[in-house]
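Coordinates in review
Listed below are the residues making up each chain.
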Amino acid sequence: MGVTTVTEMTDGVLHTLFHSEQGGHEQVVLCQDRATGLKAVIAIHSTALGPALGGTRFHAYASDEEAVLDALNLSRGMSYKNAMAGLGLGGGKAVIIGDPDQIKTEDLLLAYGRFVESLGGRYVTACDVGTYVADMDIVARETRWATGRSPENGGAGDSSVLTAFGVFQGMRASAQHQWGDPTLRGRKVGVAGVGKVGHYLVEHLLEDGAEVVITDVREESVRRILDKHPQVTAVADTDALIRTEGLDIYAPCALGGALNDETVPALTATIVCGAANNQLAHPGIEKDLADRGILYAPDYVVNAGGVIQVADELHGFDFDRCKAKATKIFDTTLEIFARAKADGIPPAAAADRIAEQRMADGRAAKAAKAAKAS
């Protein structure tokens, strides 16, 4: 086993890492263990506010370059998410390359855990797409820097519970800003993706009196909702969902890039607030939403409940403490909308400004501390 800092990659990845606005990462590590078939990328974007915390994604990427770029984008998003959540943590992300249904083994996860441990606490991992609580229990056998573990192993369990709760708080804040009332009662909400997080979000919406429309690429996920809640409506796909007549809120809760040049012009909803990471397909989409009068609740702000939960494991997990922190997503979302209005910019840009200032303050504080120590 060895850890290799990135020294040679394609021009596209190097440009992203060193020259683009999406770069600025402190460290990118390529990990390989031939015996188990492990190929992974650990990207540390920032430790200005503390150790870099972010999940491990296990996915069959079309190319190794795509995997690296995904790690870069996701880790950058974690820096902003953790800064806005006030966790005293930086941002990082890891991806394991391959189909988890085909190559995931205990030995592979143990090898991955050794790589995480080799970084000495600069990176703290957790679950993401393709990894689960049981996987983190295995990873934690090789590193103390694994969160999202089972309660039996000292962890918080499924972080989807508080992720959904936080998105619901962001949605309530969006309703408050848009309609003057923080309730979804009588509103039609479309949820794209009712798996890990989405099905919990549906429960919150129904309890609050919303009319819910869902879609998911997995038929069993849709069936689980409909069997329990026959009043919920299902449509064939996301394309149909975003065009649903009378839709008030669209909640993308699957993979990223949901808001793009094709979907934004077709949206019937006046609010977008969902759990998916990296919802904006490219810079400029946030302005397209604003130009159409669609209120966008920044994804990394409203979906921070999960990271709040796993971060709490570092201090000895307490669910009530975590839920209290996640409840504050309501106030943070309203703060962002107010800043956006005051500065005349889209909410996504307002959130970025606040997060960037917090990271800049963190770097300045670290530099001052180092100077004083010397």
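Criteria and thresholds
Residues numbered from 1 in each chain as written. Predicted model: local features only at pLDDT ≥ 70, side-chain atom pairs only at ≥ 80, totals over all residues. Heavy atoms only, no water. Core = buried A, V, L, I, M, F, W, Y, C linked by side-chain atoms within 4.5 Å. Buried < 20%, exposed > 50% of the residue type's maximum accessible area, 1.4 Å probe, protein only. Helix = DSSP H or I, 4+ residues; strand = E, 2+ residues; numbered from the N terminus. Contact = heavy atoms within 4.5 Å. pLDDT = per-residue confidence, 0-100. Phe/Tyr/Trp six-rings, centres within 6.5 Å; stacked < 30°, edge-to-face > 60°. Pairing = 2+ DSSP bridges.

1. Observations regarding the nonpolar core
- If you look at the biggest cluster of nonpolar residues, it comprises 47 residues, and the most contacted ones within it are Met171, Val191, Leu201, Val202, Leu205, Val212 and Ile214.
- A total of seven residues in this core trace back to one element, the largest contributor, which is helix H6 (residues 160-179).
- Formed by 24 residues, the second largest nonpolar core is a distinct cluster that contains Ile42, Ile96, Tyr112 and Ala146.

2. Brief notes about the environment of Thr270
- Along the chain, the position of Thr270 falls in the loop between strand E11 (249-252) and strand E12 (271-272).
- For Thr270, a relative accessible area of 30% corresponds to the partly exposed category.
- Along the sequence, Thr270 and Leu247 sit 23 residues apart, while their C-alpha atoms lie 7.9 Å from each other.
- Discounting residues that sit within four places of it in the chain, Thr270 has contacts with Gln178, Trp179, Leu247, Asp248, Gly293, Ile294 and Leu295.

3. Description of the confidence of the model for the protein
- Confidence in the prediction of the protein, expressed as mean pLDDT, is 93, and 95% of residues score 70 or more.
- Confidence over residues 1-9 falls short of pLDDT 50; this stretch has 18 contacts with residues more than four positions distant or in other chains.

4. A word on the packing of aromatic side chains
- Counted under the stated rule, the structure contains two aromatic pairs.
- Consider the rings of Tyr80 and Tyr300, whose centres lie 5.8 Å apart with planes at 70°: the pair is edge-to-face. One end of the pair, Tyr80, is in helix H2 (residues 64-85); the other, Tyr300, is in helix H11 (residues 299-302), with 220 residues separating them in the sequence. Of the two residues examined, Tyr80 and Tyr300, each falls in the buried class.

5. What about the pairing of E11?
- Side chains Ile249 and Ala251 project from E11 onto one buried face, and the interleaved Tyr250 and Pro252 project onto a second face that is buried too.
- Both E11 and E12 contribute to a ladder of two bridges, which runs parallel. Along E12, the bridge assignment pairs Tyr250 with Val272.

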